[in-house]
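Descriptive analysis of the structure
The residues making up each chain are set out below.
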Amino acid sequence: NAGVMQNPRHLVRRRGQEARLRCSPMKGHSHVYWYRQLPEEGLKFMVYLQKENIIDESGMPKERFSAEFPKEGPSILRIQQVVRGDSAAYFCASSPAANEQFFGPGTRLTVL
Amino acid sequence: AQSVTQLGSHVSVSEGALVLLRCNYSSSVPPYLFWYVQYPNQGLQLLLKYTSAATLVKGINGFEAEFKKSETSFHLTKPSAHMSDAAEYFCAVSEAPGGTSYGKLTFGQGTILTVHP
C-alpha cells in the first residue's frame, strides 16, 4: 500500500506566478489535510477536505489560496500570484476517518 | 481553542542517555495527543498517540509518553538515546471524536534533538 504521495517535491516559482501542489492520499483514505511549515516555525493547519467537500478551511489565507479534493484524482492546493512569503514546505496528510493522519513527504515551494 | 507548547527548541543528549522532550497542551475539550518525528527534508512519521485509553503510551523505536491530565502534559521519553534518534520532534493535539474541529491537528513549535557520540 503506497503512502501519501505529493508532487512535485520541489517547486520554484517567480513572484506573481501560480503554484499547484498535488496530493494523492493513501488508498481507501477519504480525508485530506493540508499543513504549511514556514521556516523556523512549526506546522500550521490550512484546510481539511473530504471528497468534493471542504470541511474546515479556517487556516487558509483569505486571498490567493484555494484547495479542492475532486471525486476523481488528487487533492490540489492552489496558490495564485505567489509572493516570497509563500515560500515554505507544504504537507498533505490523509486518514481513513478523521483520526490518525499519515503524512506525505511534502512539497517545498521556493518563490524567487 | 487548542494549543501546544514544547519547552526547549533544542535538546542535546549523549548516546545512551535518557531522552526527555516536554510537551504541554491546552484544550477545553478532551484531547487526543500525538508525537511525530521529522527527519531532514522528509514528512512526519507518527511515533505514538494518546486517544483516551491507557495514559502510558508506547510507540515505535522505544519511545513512550505519559498523559497527565492534572499537569496538562504529554512528555516524550526514551531510556537510551541512539544516534539515529537525531531529528525534529513535534507534539500535536486534536479534539476527540465529536468535537467541531475533530481531526485537525494543532502542532507545537518542534524540538530538535541532537545526539552526541
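In what follows, the structure referred to is the one given above.
Source: prediction; values computed, not measured. (Residues numbered from 1 in each chain as written. Chains lettered and ligands numbered in written order. Predicted model: local features only at pLDDT ≥ 70, side-chain atom pairs only at ≥ 80, totals over all residues. Heavy atoms only, no water.)

Some points on the environment of Val47 of chain A
Residue and element names in this part refer to chain A. Quick reminder of the rule: Under the DSSP-based scheme used, a helix requires at least four consecutive residues in state H or I and a strand at least two consecutive residues in state E, with every element numbered from the N terminus. Contacts are residue-level and defined by heavy atoms, with any inter-residue pair within 4.5 Å sufficient.
Summarising the element assignment, Val47 is placed in strand β5 (residues 43-50). Through-space distance from the C-alpha of Val47 to that of Ser58 is 6.7 Å; in sequence the pair is 11 residues apart. Setting aside chain neighbours within four positions, we find Val47 in contact with Val32, Tyr33, Trp34, Ile54, Asp56, Glu57, Met60 and Ala67.

Points about the interface of chain B and chain A
Our working definition: In this description, buried area is defined as the sum, over both parts, of the accessible area (probe of 1.4 Å) that is lost when the two are combined. Salt bridge, as used here: a side-chain nitrogen of Lys or Arg that lies within 4 Å of a carboxyl oxygen of Asp or Glu. Polar here means any residue other than Ala, Val, Leu, Ile, Met, Phe, Trp, Tyr, Cys and Pro, which are nonpolar, and Asp, Glu, Lys and Arg, which are charged; Gly is therefore polar.
Each partner contributes residues to the interface: chain B has 17 residues there, and chain A has 23 residues. Taking both partners together, chain B and chain A bury about 1,500 Å²; carbon and sulfur atoms supply 51% of that area. Inspection of the chain B/chain A interface yields 1 salt bridge. Between Glu100 of chain A and Lys49 of chain B there is a salt bridge, with the nearest N and O atoms lying 2.7 Å from each other. Only β4 (31-38) and β5 (44-50) of chain B provide two or more residues apiece to the side of chain B that touches chain A. Per-element accounting of the side of chain B that touches chain A gives the leading share, 3 residues, to β5 of chain B. The residue inventory of the side of chain B that touches chain A, partitioned by class, reads 7 nonpolar, 8 polar and 2 charged.

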